[in-house]
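Residue-level structural notes
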Amino acid sequence: MNDNLGGVITNKSGYLDVNKFIIETRKYLISRGNYKEYNLKSDNILVGKKHLKVGGWRTKYLIFCIGAHQIQSRFFSWLPFNLNKGEIINIEMNLELNKIIQKSIIIVPQNKNEYTVGSTYEWENLTHKNTRFGINKIRNKLDSIINCKYKIKEKKFGIRPASRNKRPFVGLHAKYNKIGILNGLGSKGVSLTPYCTKNLLNNILEKKMINKEINIKRYISLYS
Ligand SMILES: Cc1cc2nc3c(=O)[nH]c(=O)nc-3n(C[C@H](O)[C@H](O)[C@H](O)COP(=O)(O)OP(=O)(O)OC[C@H]3O[C@@H](n4cnc5c(N)ncnc54)[C@H](O)[C@@H]3O)c2cc1C
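Along every chain, residues carry numbers that run from 1 in the direction the sequence is written. Given that the model is predicted, a residue must reach a pLDDT of at least 70 before its local features are reported, and side-chain atom pairs must reach 80 or more before they are shown or counted; all residues, however, enter totals for whole chains, interfaces and linings.

1. Section: the sheet that holds strand 4 (residues 62–64)
When DSSP finds two or more bridges between a pair of strands, those strands are recorded as paired. Comment: elements are numbered from the N terminus, with helices defined as DSSP H or I runs of at least four residues and strands as E runs of at least two. Taking strand neighbours across the sheet as the criterion, the three strands line up as 4-11-10 in an open arrangement whose pairing is mixed. Because the sheet does not close on itself, it has two edges, and the strands there are strand 4 and strand 10 (169–172). Averaged over all adjacent pairs, the angle separating strand axes in this sheet is 20°, with direction ignored. Pairing of strand 10 with strand 11 (residues 179–183), which is carried by four bridges, proceeds in the antiparallel orientation. Note on definitions: angles span 0 to 180 degrees between N-to-C directions of axes, and those axes are lines fitted to C-alpha atoms, for helices only across the stretch in contact.

This is the structure:
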């Protein structure tokens, strides 16, 4: 590796395997009878005085956690999203790394000799595909860090549901107070979600205030 300036090791840090986490969480919820998969269309939501009707079900609250798709939704499209696209590659190389390397890009060890490398930030071209421009950006950075041949096995992309002031969107709708949102997590979904969820739940269940930095009330002037 090209680390002629050296580096630091962060001892107390961690990594969440998001795919595994989602699969296991889904299994857990299914085992409790608490999971249904449904492509929610905002037009299919009927707002009653005490309950909401969503498809064939009745529910007391509905919280939208639909990432970048939120900008097309009837209820919260007024929030100032600042979506951006990120690309990553999965590579294979003959190098044994047992640590995550962060140096402008991040190299995350997966299976033996397999690594995930990324990512990029793109605000203009949000097409739902990988681009040569994005992949080359990653490759150029990777080439400046490692002295080793590698093979790209897979290219991936995602749209980050970022907000304009880089703070999440948490709270209940100004007009429909049984409909909420947890979004705007940008590039920090893993670290921000527990805090934001707790804020929203405490607000709904115990009427506690949501931290004003993440509360959607800060943008109420944009709602008409
Ligand atoms: C390349 C890249 C690298 C990243 N790296 C990191 C990282 O290292 N650490 C980190 O913390 N974050 C990272 N992020 C950011 C992270 O992915 C996001 O913050 C996170 O995914 C946002 O979570 P979300 O649940 O709000 O939205 P999403 O993850 O987009 O999930 C929304 C879900 O809602 C579903 N949905 C949408 N519309 C509907 C509908 N109408 N009905 C039903 N379901 C619907 C979608 O199918 C999707 O499953 C990265 C993002 C990218 C693109």
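Right, picking up where we left off after that structure.
2. Quick word on unusual backbone geometry
Between Gly118 and Ser119 the backbone carries a cis peptide bond, its omega angle lying at 0°. Look at Ser104: it is not a glycine, yet its phi comes out positive at around 70°. Examined against the element boundaries, Ser104 turns out to sit in the loop between strand 6 (101–103) and strand 7 (105–109). Of note in the backbone geometry, Asn113 takes a positive phi value of approximately 65° without being a glycine. In this scheme the burial state of a residue depends on its C-beta neighbours within 10 Å: 20 or more other such atoms mean buried, 12 or fewer mean exposed, and anything in between means partly exposed; the C-beta positions come from the backbone. By the C-beta count within 10 Å, which is 15 here, Asn113 ends up partly exposed.

3. Section: helix 3 (residues 189–206)
Given a rise of 1.5 Å per residue, 18 residues ought to cover 26 Å, and the 25 Å separating the end C-alpha atoms of helix 3 matches this to within 8%. Among the residues trailing helix 3, Lys207 stands out with phi positive, at a value near 60°. Expected helix span is computed as 1.5 Å times (number of residues minus one).

4. So, the sheet that holds strand 1 (residues 45–47)
What the three strands build is an open sheet, ordered 1-2-3; its pairing is antiparallel. The open sheet has two free edges, formed respectively by strand 1 and strand 3 (57–59), since each of these has just one partner strand. In this sheet, neighbouring strand axes are inclined to one another by 25° on average, regardless of whether the strands run parallel or antiparallel. The sheet contact formed by strand 1 and strand 2 (residues 52–54) spans three bridges and is antiparallel. Paired with Leu46 across the strands is Lys53, a residue of strand 2.

5. Notes on the environment of Lys208
Structurally, the position occupied by Lys208 is in the segment after helix 3. Residue Lys208 is classed as partly exposed on the basis of its C-beta count, with 13 C-beta atoms lying within 10 Å. We call two residues in contact when the distance between their C-beta atoms, placed using the backbone, is within 7 Å. Sequence-distant contacts of Lys208, defined by excluding residues within four places in its chain, comprise Asn202 and Asn203.

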